[in-house]
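Geometric and topological summary
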Amino acid sequence: MKLKYLFPLFIAMLTLMVSCDDDESITLLDEVQVSSSYVSIPEGGGSATITVKAKDSWTAEKVTTEKDPVEWLTISSASGSAGETTLTFTAPSAIDGRTAEVLLKSAGKTQRINIIQGLAQISEATVAEVNAGPDGKTYRVTGVCTSIANTQYGNWYLTDATGTLYIYGTLDAKGGKQNFLSLGLEVGDEVTVEGPKTTYGSTVELVDVTVIKINKSLVKVDSVENEVLPIEGGEFTAFLTCKGQGVSVDIPEDAKSWLSISSIESAGTNAVVKFKAAANTGGDRNTTIIFRTTDGSKEYTTETTLTQKGAIVAATVAEFLAAEVGDTQYRLTGVITSIAHDTYGNLYLRDFSGQTYVYGIQDFPTKGLKVGDIITIVGKRGDYKGTPQVTGAVLESVIPVTAATIGEVLAKPDSNTDYFMITGEITSIANDVYGNLYLKDGGSEIYVYGCYPGYGATGDFRKGLIADKGIKVGDELTVIGTKTTYTNSTTGISTIQLANGIYFSHESK
């Protein structure tokens with residue numbers, strides 16, 4: 001791995017400036033003066049001191065951004081009074097060279113102090129080496145621009161043979177920000193960039209990169225037709241500009257069963273590639289198609305993405321959790337066990353097979369949902385730092401559940417559609433396999449005809465809750481169900497009961 005030092009002459013000059021006599025002020029401000037406006041801290045860590053002379057009180061603050069809070073730099077004092085003050089800047093050891101700026105303000109004037117620690121070292125690396133490397137280090141990487149997410153700030157994806165890297169911010173030719181389009185970078189171009197690595201959440205990024213070189217691709221996708229195909233299938237068309245020696249097309253192996261090339265037509269530098277997609281019997285699916293050409297010695301590529309709508313897959317929570325992250329839509333039904341954010345609708349949903357986190361439900365504040373309600377949602381399988389979650393969820397239906405005392409439920413009319421949540425002490429267990437038991441609340445008691453692990457349990461999935469949870473007589477149980485009345489045909493005795501109970505929670509006594 002090659003190491004290249006940037007601006008050695010510039011750094012040397014700064015070091016000389018810092019070493020100047022402390023009594024020699026290099027600022028022309030009359031209100032506030034510093035012994036040096038450039039401060040150099042050793043790369044191995046340490047401190048450096050300057051003298052501040054002010055005619056009035058002053059403040060010192062670091063210039064920070066969202067991506068660079070400059071937490072590594074400590075200033076001995078954030079403010080001071082008129083007169084002469086010693087100001088010390090301290091930093092721990094650095095992986096790579098770094099810089100910061102401090103603003104010293106007094107009497108309406110601002111003195112800028114530049115902080116430099118070590119020499120900026122640029123490591124030539126692959127994407128895989130960047131991903132494995134430390135944050136804060138500056139890398140030079142070469143790869144192909146495979147997707148552009150933001151054309152103002154220059155957020156895009158760079159891919160080489162070892163992986164893909166997110167570029168968060170791209171400087172223009174003069175080092176300016178928010179001028180990405182001036183670079184003329186397009187998907188398919190081979191690019192060499194330099195920038196510091198950071199990790200945001202689980203995403204590895206190079207931040208505010210400098211573009212060293214752009215090797216324009218000889219093939220690019222100008223436009224597409226039918227980018228999102230219906231469930232019935234159909235034709236997808238890509239219109240290309242190709243300045244190389246012909247066009248070849250790569251369809252990923254996992255898409256070859258439903259996607260094929262129907263024709264390739266070329267005229268001069270223009271090419272039209274048509275694809276045929278079969279009907280989709282599963283969930284939403286997508287694939288990335290790669291187009292290749294060559295100049296005789298080097299290969300150039302570009303790509304485009306095709307999406308096809310699919311059926312919504314009805315799934316248990318366990319099946320959803322076992323699915324891969326992707327665009328397939330899943331229909332889930334379960335009980336809301338807790339609400340983490342009542343504005344966005346971040347909540348936990350549980351059925352008989354398990355529980356999952358739902359990262360927001362569209363228009364949640366208007367839905368009137370609450371803990372205990374039984375809801376059906378449609379969303380995609382997502383993931384955050386290794387934790388599965390439902391993303392892009394839309395509420396499809398809701399069964400409201402009313403919290404009530406046992407006495408209130410006993411007074412309600414029989415109904416197979418009105419659900420209640422009750423809490424009481426278990427006085428006896430009639431059947432520990434299916435969870436038939438008696439619950440008492442104050443002076444009222446009700447028979448619970450079945451307490452199952454969760455919503456949607458059928459067959460053997462209804463069995464075993466009592467043993468699995470270690471539930472016993474005397475425990476406090478919260479259960480959801482409907483109020484019915486059972487009349488014994490032999491004795492004629494009627495029993496009010498909570499039918500098909502859904503376990504919510506319990507507290508051991």
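Let me sum up the structure you'll find in this document. The model shown is predicted, which means the values in this text are computed figures rather than measured ones.

What follows deals with the overall build of the protein chain. On a plain count of helices and strands, the protein chain comes out with five helices and 36 strands. Here the C-alpha coordinates of the protein chain stretch approximately 105 × 75 × 40 Å along the principal axes. Of all 509 residues assigned to the protein chain, the portion counted as buried reaches 41%. For the protein chain, restricting intrachain contacts to residue pairs at least 6 apart in sequence, the fraction spanning at least 24 positions comes to 59%. Total accessible area on the protein chain is roughly 25,300 Å²; 50% of this is exposed by carbon and sulfur atoms. The positive charge centre, built from 41 side chains, and the negative charge centre, built from 60, are 2 Å apart in the protein chain.

Read from one edge of the open sheet, four strands run 17-19-22-21, paired in antiparallel fashion. In this open sheet, the two edge strands, each paired with only one partner strand, are strand 17 (219-225) and strand 21 (259-267). Between one strand axis and the next, the sheet turns through 25 degrees on average, direction left out of account. Pairing between strand 17 and strand 19 (residues 234-242): six bridges, direction antiparallel. Residue pairing in the sheet places Glu 225 in a bridge with Thr 237 of strand 19.

Moving on: the environment of Cys 242. Structurally, Cys 242 can be placed in strand 19. Along the sequence, Cys 242 and Gly 268 sit 26 residues apart, while their C-alpha atoms lie 8.3 Å from each other. Beyond its immediate sequence surroundings of up to four residues, Cys 242 is in contact with Leu 218, Val 219, Val 247, Gly 268, Thr 269 and Thr 293.

Attention shifts here to the environment of Glu 507. One can find Glu 507 in strand 36 (residues 494-507). For Glu 507, a relative accessible area of 44% puts it in the partly exposed group. It is 9.5 Å that separates the C-alpha atoms of Glu 507 and Glu 425, two residues lying 82 residues apart in sequence.

Let's shift gears to unusual backbone geometry. Positive phi is not limited to glycine here, since Val 70 has a value of about 50 degrees. By secondary structure assignment, the location of Val 70 is in the loop between strand 5 (58-62) and strand 6 (74-75).

With the rule as written, the count across this model stands at 20 salt bridges. The residue Asp 135 makes a salt bridge to Lys 197 at a minimum N-O spacing of 3.8 Å. With Asp 135 in the loop between helix 2 (127-132) and strand 12 (138-150) and Lys 197 in strand 15 (residues 190-200), this residue pair connects regions lying 62 residues apart in the sequence. Residue classification places Lys 197 among the buried positions, given a relative accessible area of 5%. For Lys 483, the salt bridge is made with Asp 414, and the minimal N-O distance between the two is 2.9 Å. Taken as a pair, Lys 483 in strand 35 (residues 476-487) and Asp 414 in the loop between helix 4 (406-410) and strand 32 (419-431) lie far apart in primary sequence, 69 residues in all.

Strand order in this open sheet of five strands is 3-10-9-5-7, and the pairing throughout is mixed. Each edge of the sheet is formed by a strand with only one pairing partner; in this case those strands are strand 3 (38-41) and strand 7 (79-80). As defined by bridge partners, strand 3 adjoins strand 10 (residues 109-117) across four bridges and the pair is classed as parallel. Paired with Val 39 across the two strands is Ile 115, which belongs to strand 10.

With that settled, the discussion passes to the packing of aromatic side chains. In this description, an aromatic ring pair is defined by two values, namely the gap between the centres and the angle between the planes. One pass over the full model with this rule turns up nine aromatic pairs. With a centroid separation of 5.0 Å and 50 degrees between ring planes, the pair formed by Tyr 348 and Tyr 357 is classed as tilted. Judged by relative accessible area, which is 17%, Tyr 357 ranks as buried. Between Tyr 447 and Tyr 449, the ring centres sit 6.4 Å apart and the planes meet at 45 degrees, which makes this aromatic pair tilted. With a relative accessible area of 14%, Tyr 447 lands in the buried category. We classify Tyr 449 as partly exposed; its relative accessible area is 41%. Ring pairs connect the aromatic residues Tyr 157, Tyr 166 and Tyr 168, which therefore count as one cluster. Taking the ring centre of Phe 504 as reference, the NZ or CZ of Arg 350 above it sits at 5.9 Å.

Within the secondary structure layout, Ser 35 lies in the loop between strand 2 (32-34) and strand 3. A polar contact is formed between the side chain of Ser 35 and the backbone nitrogen of Thr 51, at a distance of 2.9 Å.

This part covers the nonpolar core. Judged by nonpolar contacts, the single largest core of 22 residues is most densely connected at Leu 73, Phe 89, Leu 104, Ile 113 and Ile 115. Broken down by secondary-structure element, the contributors of at least two residues to this core are strand 2, strand 3, strand 4 (46-54), strand 5, strand 8 (83-91), strand 9 (98-106) and strand 10. Examining the composition of this core, we find that four residues originate from one element, strand 4, more than from any other. Here Leu 104 is in contact with Val 32, Val 34, Val 52, Trp 58, Thr 59, Ala 60, Leu 87, Lys 109, Thr 110, Gln 111 and Ile 113, once residues within four sequence places are set aside. Grouped together as the second largest cluster of nonpolar side chains are 21 residues, Leu 240, Ala 255, Ala 271 and Ile 289 included.

The next subject is the pairing of strand 14 (residues 163-170). Across six bridges, the pairing between strand 13 (residues 155-160) and strand 14 is antiparallel. If you follow Trp 156 over to strand 14, its bridge partner there is Ile 167. The antiparallel pairing of strand 13 with strand 14 creates a hairpin that spans two residues between the two strands. Direction of pairing for strand 14 relative to strand 16 (residues 203-215): parallel, over a ladder of four bridges. Note that in strand 16 the partner of Ile 167 across the bridge is Leu 206.

Reading the values: rules and limits
Residues numbered from 1 in each chain as written. Predicted model: local features only at pLDDT ≥ 70, side-chain atom pairs only at ≥ 80, totals over all residues. Heavy atoms only, no water. Helix = DSSP H or I, 4+ residues; strand = E, 2+ residues; numbered from the N terminus. Buried < 20%, exposed > 50% of the residue type's maximum accessible area, 1.4 Å probe, protein only. Contact = heavy atoms within 4.5 Å. Areas by Shrake-Rupley, 256 points an atom, 1.4 Å probe, with all protein chains shown as cover. Lys, Arg positive; Asp, Glu negative; His and termini not counted. Charge placed at Lys NZ, Arg CZ, Asp CG, Glu CD. Pairing = 2+ DSSP bridges. Axes fitted to C-alpha atoms, helices over the stretch in contact; angles between N-to-C directions. Salt bridge = Lys/Arg side-chain N within 4 Å of Asp/Glu carboxyl O. Phe/Tyr/Trp six-rings, centres within 6.5 Å; stacked < 30°, edge-to-face > 60°. Lys NZ or Arg CZ within 6 Å of the ring centre and 35° of its normal. Polar contact = N/O pair within 3.5 Å; in protein donor to acceptor, adjacent residues only side chain to side chain. Core = buried A, V, L, I, M, F, W, Y, C linked by side-chain atoms within 4.5 Å.

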